[in-house]
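Examination of the molecular architecture
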Amino acid sequence: MPVLLEAAQAPTLIELLGYLQQQGIQARLVDEAAAAIKIQGIGSLQQASAQEISFLSNPQLQDQLLSCQAAAVIMTEAVYQQLPATPDFAVVVFEQPYLMYALVAQWFDQSRLASLPQGIHSSAIIDPSAQLADGVHIGPFCVIEAHVQIGAGTRLGAGTVIGAHSVIGTNALLHPRVSLYHQVQVGDRAIIHSGAVIGADGFGFAPHPHGGWAKIAQLGGVTIGHDVEIGANTTIDRGALNDTVIGNGVKLDNQIMLGHNVHVGDHTAIAACVGVAGSTHIGARCIVGGAAMVSGHLHIVDDVQISGGTAVTSSITKAGRYSGVYPFAEHKQWQYNAAVISQLSQLRKRLRSLEREAELHKKKQE
Amino acid sequence: MPVLLEAAQAPTLIELLGYLQQQGIQARLVDEAAAAIKIQGIGSLQQASAQEISFLSNPQLQDQLLSCQAAAVIMTEAVYQQLPATPDFAVVVFEQPYLMYALVAQWFDQSRLASLPQGIHSSAIIDPSAQLADGVHIGPFCVIEAHVQIGAGTRLGAGTVIGAHSVIGTNALLHPRVSLYHQVQVGDRAIIHSGAVIGADGFGFAPHPHGGWAKIAQLGGVTIGHDVEIGANTTIDRGALNDTVIGNGVKLDNQIMLGHNVHVGDHTAIAACVGVAGSTHIGARCIVGGAAMVSGHLHIVDDVQISGGTAVTSSITKAGRYSGVYPFAEHKQWQYNAAVISQLSQLRKRLRSLEREAELHKKKQE
Amino acid sequence: MPVLLEAAQAPTLIELLGYLQQQGIQARLVDEAAAAIKIQGIGSLQQASAQEISFLSNPQLQDQLLSCQAAAVIMTEAVYQQLPATPDFAVVVFEQPYLMYALVAQWFDQSRLASLPQGIHSSAIIDPSAQLADGVHIGPFCVIEAHVQIGAGTRLGAGTVIGAHSVIGTNALLHPRVSLYHQVQVGDRAIIHSGAVIGADGFGFAPHPHGGWAKIAQLGGVTIGHDVEIGANTTIDRGALNDTVIGNGVKLDNQIMLGHNVHVGDHTAIAACVGVAGSTHIGARCIVGGAAMVSGHLHIVDDVQISGGTAVTSSITKAGRYSGVYPFAEHKQWQYNAAVISQLSQLRKRLRSLEREAELHKKKQE
C-alpha cells in the first residue's frame, strides 16, 4: 500500500481532526505537540508507515500497538490508559475508533474524487428533454434518455445508461457501466457500482393454455431512497404493477438479486450473493449475511439478523438472529452423516418404537 | 403507481377486449353500457384507481372486491356469481384472469415500446459485412462485428455488443449493455436483459504436467430457440466442442449461470441465482426454483420441479417435485441441531446398538 | 458444429504435431502415411467428421472408437494396444490426451484470434497520460483513464473501461464490457470475460451513533498475478487498506464474488457462483466447487478441495476434500426428513435417556 498523498498535499493531524469535528466527531489529541504532523495516508496497525495514521478498533489486536510504526493511532480512552509506556506515535482518543477510521478514510477518498474529470463529456448522448442540474458530471459514452432528471453534483461513470423518465437525486455517484431502466427513482447521495442493473423486468409469466408461458409485462418501477449503496453486478427488478421499494440508508453488496415488488426497510444491510424472491418485505435495520436466499411473498420484521447461507423459507415475525446453514466436514465424514439425513424420519420411528418397548417393560415391572 | 396513459391515448374497455380477442382471449363484458369506459392503466385490487382495470386471480383475495375502486375487474364466472351485489366497477368475465391480466399488461407495455426511438443510431459501429434486416433498431454505442445477421424488427439497446458470426432472429429485444460473443444464435422474439453475457468461454482446463492449468479453448457456440427470455446479468457459456443449447420458450431469470454444453428443454423456467454446471441436460417444462444449484453431467427428465435452494447432485429420472433445503431456525435452536448433524452416523450406531440389546432381551424372555 | 477452417487454411496433421512439439508435447503418429491429412477442426468421438481430429481421454468411452468418423484420434499407448483392428482413422499416441486436446483447441482458437481487428479504434477515449505499448488493441468505445499502463499485445474488447492508475500486463485479453476501477494491477496473459468488475468498493460500514451506517472508503487496490482467467460477471472488490490479491495461474469461473482483502493462492481454480467473504485467505492449488460459499476472515491451507454447494464457515487447516451439501429427495420424502432436522437435539436427548435406562437395567441384572 503506497502512501496516498504527497507531503505537500497531506493535511496535518490537527487539520484532519478539524475536518472530523465538522462531521460531529470530537476526538482528543493527547499530545498537542503532534498537531503539525503531516498525515499522508491510513494503514492497519501492522502495515502503517511513519507517514500514516492507524486505529485500534478490535481490543484483541492491542499487542500490535507495541510494534506499530504509524505517525498516529486512534484508540479509546480505556486502551490509552493501559498503554505500558509513552508510545512513539501520537495518540488520538475517541470512543468509536472504527467510526473515526471510516471518516478519515472518506477524507482521503474525497481528495481522490476531487481530482476526477468534471463536466459533460462530448461523446455522451443526452436527450434534449432530460434535465441536468448544475455540476453534474456525465462520463464518455453515457446515454441519457427522454425526460430523465439528474440532481446537482451527481456523477455518472463511462458507459452508464439511464432509461426514460428516471430520476436521480443530488450528489450521487454512479460508476461506469450501470444500467437504469425507465422510471427508476434513485435518492440523494446514492453510490451504484459497475454492472448494477436497476429496473429490469421482474420474472412474471402466466401459464398459457396452448402450452408455454405468457409474459406479464412489468409496469411498475423502482423507488430507491437516500444514502443507498448498491454493489457491483447487483440487480433490482422493477415491480409488476407497483414499485419495488428500497428504503433510506440501505446498503447492498455485490451480486445481490432483489425480485419484483420486494421492499427493503431503512438502513438494512445485505451482504453479497443474496437473492430475495418477489414480493418479500424485509424490515428496517436488518442484516442479511452473504449467500442467504429469501423466498417470495414473506414478511420479515425489523431488526432481524440472518446468518450467511441461510435459506429463509417462511416469514419471520420476531426480531433476532436466524440461521440454517448445514455444517461442512471432511468429505468421508460428511458422506456418513449425509447418508443418515435421508433416513431421519425412519430413525425417529425406530427411536419411538424402542421408547414404547421400554415403557411397556416398565409397566410390566410395576 | 401513476395512471399510465393520458385519457386521450387510453383505449375504451371494448377496444381493449377487441385486442384480447385478436390474441385468442374471448372475454365477456357483463354490462354492455361499460363498453365506452376509458382504461388508462392497470392496478391491483387494492390500489387500482377509477381509471384503471384490475383482476381477481387468487380466490383468497375475494374480499378485496368490496372496497375495490377500479373502473373494471376481470374475474371468473364463479366469482362473478358470488358477488353479493352489483358492484361499482364493470365486470369482465374470463376463466383465466391471470392470463388475461398478462395480456392487458402487454398491451400497455407495447404502447410504451411503440414510443421508443427507431432506426440505427449514428454512433453505432457496424461492420460492413453485417446484415441488418429492415426495421432493426440499433441504439447508441452498439458494436456489431463481422458477418452478424439481425432479423426484422429487432431492437438493440445502447452499448450492446454482438460478436462476429452471431445471428439474432426477428422482433427480439436486447436491452442496453448485453454481450453476445461470436457464433451465438438467438431465435425470434427473444428478450435479453441488461448485463447478460452469452457465449463467454466455458470453464475448461487440463492439469498441466509442469503445474497449473492448460486452457481448453472453447470452440462451440450457443444456440438459443425462439421466445426465450434471459434475465439481467445472467451468463450462458459457449460449448467446448458442440453448442450449449437453450430450447424454445425457455424463461431465465436474473443472475443465472449456465455452464458449457448445458441443454435446457423447451418451456422450462428457471428462477434467479440458479447455477447449472457443465454438460447437464434439463428436460422440457421443468421449473427450477431460485438459488438452486445443479451439478455437472446430470440428466434431468421433463416435467421436474426443483424447489428453491436445492442442490441437485445426481440425475433425476422421474417427473415430480424435488427438494433439499435445510430448515432455518432461531440461531440458538439451530446451533443445537446443527451440532447433532455432525454426529448423525454415530447416533444411528447408538440406536442400532440399543435395538440389538432389546432384541437379545426379548429372545432371553421367550 | 461446423468444420472450423476451410481446407486451404487447415494445417496438415504433421504441421499440427509440429506446433505441439514447440509446446513441449512429443506425440507419436502411428502411421507416417497420415502426415499429410488436412485437419480442419476438432470434434468429440461421436460427432467429429472425417475432416476433424478427436481424442479419447475417458477410458469409459473406448467403445465410441468403433464408430468414430474422425480423420485422426489422440489416445494413450495402452488404448492403442487394445484396438481390436487397424482403425479407419489415423492414431496419435500421447499419454495425456486431454492435455493434447487442450493445446489443439488453443491452436484452432488462435487462428480465429489472429483474424480479429487490430489497433486502436478511433472512438476510444484515451487519457494522454496513459501509456500503451506497441501492438495493443483497443476496441470501440473503450475508456482508458489517466496514468493507465497497458503492456504489449494486450487486447481490450468494446466498451471496456480502465480506471486511473491501473496497470495491465502483456498479451492479456479483456473481452467487451469489462470494468477495472482505479489502481488495479493485472498480470501478463490475463483473460477477463465480459461483465467482470475488478476493484469495486469492498462492503465496509461502521455503525453510526445517530443510526445507519458510515461508509468506510476502500483505499486499497487489487493485485492480480500472471496467467489468471476471470469469468463473465465475476466481481473482485478492492481492499479496505491493503490490496485484494489473486495469485498466478488462478482460474475463476463466472459470477464469482471475492470480497475485499481476499487472497487466493497460485493455481487455485474456483467454479461458478462461489462467494468468498472479506479477508479470507485461500491457499494454493485449491479447487472450490460451484456455488460454494466461504465466510470471512478464514484461512484455508494449500491443496484443499471444497465440494460444490458447501458452506465453509470455519478455517481449514489440513489439505483434503471437504463437503457439506444437504442431500435432496422427492419433495414428500424431504418434508419428512426436514421436519426431523428441527428436532435433532431433542432426538439425541431421547436416545441418551433410553441408553441410561438400558444401563440401569443391566446393572440391576448383574
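This write-up is about the structure you can find in this document. Here the structure is a predicted model, which is why all the values come from computation and not from measurement.

1. With respect to the sheet that holds strand E2 (residues 41-42) of chain A
In space, the five strands of this open sheet follow the order E1-E5-E4-E3-E2 (chain A), with mixed pairing throughout. Because the sheet does not close on itself, it has two edges, and the strands there are strand E1 (28-29) and E2 of chain A.

2. Considering the environment of Ile-192 of chain C
All names here are of chain C. Relative to the helices and strands, Ile-192 resides in strand E17 (residues 191-192). Its relative accessible area of 0% is what places Ile-192 among the buried residues. Along the chain, Ile-192 and Ala-172 lie 20 residues apart, while their C-alpha atoms are 8.2 Å from each other. Those residues in contact with Ile-192 that sit more than four places away from it in its chain are Leu-173, Leu-174, His-175, Val-178, Leu-180, Val-186 and Ile-230.

3. Quick look at the side chain of Thr-76 of chain B
All names here are of chain B. With respect to the helices and strands, the residue Thr-76 is situated in the loop between strand E4 (72-75) and helix H2 (77-82). With relative accessibility at 16%, the residue Thr-76 sits in the buried group. Setting aside anything within four residues of it in sequence, one finds Thr-76 in contact with Val-93, Phe-94, Glu-95 and Pro-97.

4. Digging into the relation of the copies chain B and chain A
To go from the first copy of the chain to the second, apply a rotation about an axis and then a shift along the same axis. Once turned by 120° and shifted 0.0 Å along the axis, chain B lies on chain A with an RMSD of 0.1 Å. Within this description, the copies of the chain are treated as partners about a three-fold rotation axis. Different-surface contact between copies: only 19% of interface residues of chain B are shared with the interface of chain A.

5. Some words on the state of the cysteines
Under the definition given, this model contains zero disulfides over all chains. Cys-273 of chain B forms no disulfide, and the closest cysteine sulfur to it belongs to Cys-273 of chain A, at a distance of 8.5 Å.

6. Topic: the interface of chain B and chain A
Between chain B and chain A, the contact holds 70 residues from the first and 72 residues from the second. Interface of chain B and chain A: buried area, both sides summed, is about 5900 Å²; carbon and sulfur atoms make up 64% of it. Three residues, Phe-141, Arg-177 and Phe-328 of chain B, lead the burial of chain B against chain A; their summed loss comes to 13% of the area buried on that side. Summed over the shared surface of chain B and chain A, the number is four salt bridges. Residue Glu-330 of chain B pairs with Lys-318 of chain A through a salt bridge whose shortest N-O separation is 3.5 Å. At the boundary of chain B and chain A, one finds 27 residue pairs in polar contact (both at pLDDT 80 or more). At the level of secondary structure, the elements contributing two or more residues to the side of chain B that touches chain A comprise helix H3 (97-113), strand E25 (251-252), strand E28 (269-270), strand E37 (329-330), helix H4 (331-341) and helix H5 (344-365) of chain B. Class assignment for the residues of the side of chain B that touches chain A results in 36 nonpolar, 23 polar and 11 charged.

7. Quick word on the relation of the copies chain B and chain C
In the superposition of chain B on chain C (RMSD 0.0 Å, axial shift 0.0 Å), the rotation amounts to 120°. Of the interface residues in chain B, just 18% have counterparts in chain C that sit at the interface too, so the contact is made through distinct surfaces.

8. Brief notes about the interface of chain B and chain C
Taken together, the contacts link 72 residues of chain B with 70 residues of chain C. Buried area between chain B and chain C, both sides added, is near 5900 Å², and the carbon and sulfur share of it is 64%. When residues of chain B are sorted by the area they lose upon contact with chain C, Phe-203, Trp-213 and Leu-241 of chain B head the list and together hold 12% of the total. The tally of links from chain B across to chain C stands at four salt bridges. Run the count over chain B and chain C and you get 27 residue pairs in polar contact (both at pLDDT 80 or more). Of all elements in the fold, only strand E18 (197-200), strand E19 (205-207), strand E20 (213-215), strand E23 (235-237), strand E35 (311-312), strand E36 (320-323), H4 and H5 of chain B reach the threshold of two or more residues within the side of chain B that touches chain C.

9. Regarding the packing of helix H5 (residues 344-365) of chain A against helix H4 (residues 331-341) of chain C
Where H5 of chain A contacts H4 of chain C, the axes come no closer than 7 Å and their chain directions differ by 60°. Facing Leu-344, Ser-345 and Arg-348 of chain A of H5 of chain A, the residues of H4 of chain C in contact are Tyr-336, Asn-337, Val-340 and Ile-341 of chain C. Each residue belonging to the contact of H5 of chain A with H4 of chain C can be placed in one class, and the counts come to four nonpolar, two polar and one charged.

10. Looking at the sheet that holds strand E1 (residues 28-29) of chain B
Residues and elements named next belong to chain B. Reading across the sheet, the five strands line up as E1-E5-E4-E3-E2 and stay open at both edges, with mixed pairing between neighbours. Looking along the sheet, the strands with just one partner apiece sit at the ends: E1 and strand E2 (41-42). Across two bridges, the pairing between E1 and strand E5 (residues 90-93) is antiparallel. Looking across to E5, one finds that Arg-28 is bridged to Val-93.

11. Observations regarding the packing of H5 of chain B against helix H5 (residues 344-365) of chain C
When two helices pack together, their arrangement is captured by the angle between the axes and the distance separating the axes. The geometry of H5 of chain B relative to H5 of chain C is characterised by a closest axis approach of 11 Å and an angle of 35° between their N-to-C directions. Of the two elements, H5 of chain B crosses H5 of chain C, and the hand of that crossing is left-handed. Across from Leu-344, Leu-347, Arg-350, Leu-351, Leu-354, Glu-357 and His-361 of chain B in H5 of chain B, the residues of H5 of chain C making contact are Leu-344, Arg-348, Leu-351, Arg-352, Leu-354, Glu-355, Ala-358, His-361, Lys-362 and Gln-365 of chain C. In the contact of H5 of chain B with H5 of chain C, the residues fall into eight nonpolar, three polar and six charged.

Cut-offs and rules
- Residues numbered from 1 in each chain as written.
- Chains lettered and ligands numbered in written order.
- Predicted model: local features only at pLDDT ≥ 70, side-chain atom pairs only at ≥ 80, totals over all residues.
- Heavy atoms only, no water.
- Pairing = 2+ DSSP bridges.
- Helix = DSSP H or I, 4+ residues; strand = E, 2+ residues; numbered from the N terminus.
- Buried < 20%, exposed > 50% of the residue type's maximum accessible area, 1.4 Å probe, protein only.
- Contact = heavy atoms within 4.5 Å.
- Least-squares fit on C-alpha atoms with pLDDT ≥ 70 in both.
- Disulfide = S-S within 2.5 Å.
- Buried area = accessible area lost by both parts, 1.4 Å probe.
- Salt bridge = Lys/Arg side-chain N within 4 Å of Asp/Glu carboxyl O.
- Polar contact = N/O pair within 3.5 Å; in protein donor to acceptor, adjacent residues only side chain to side chain.
- Nonpolar A, V, L, I, M, F, W, Y, C, P; charged D, E, K, R; others polar.
- Axes fitted to C-alpha atoms, helices over the stretch in contact; angles between N-to-C directions.
- Left-handed = near helix turned anticlockwise from the far one by under 90°.

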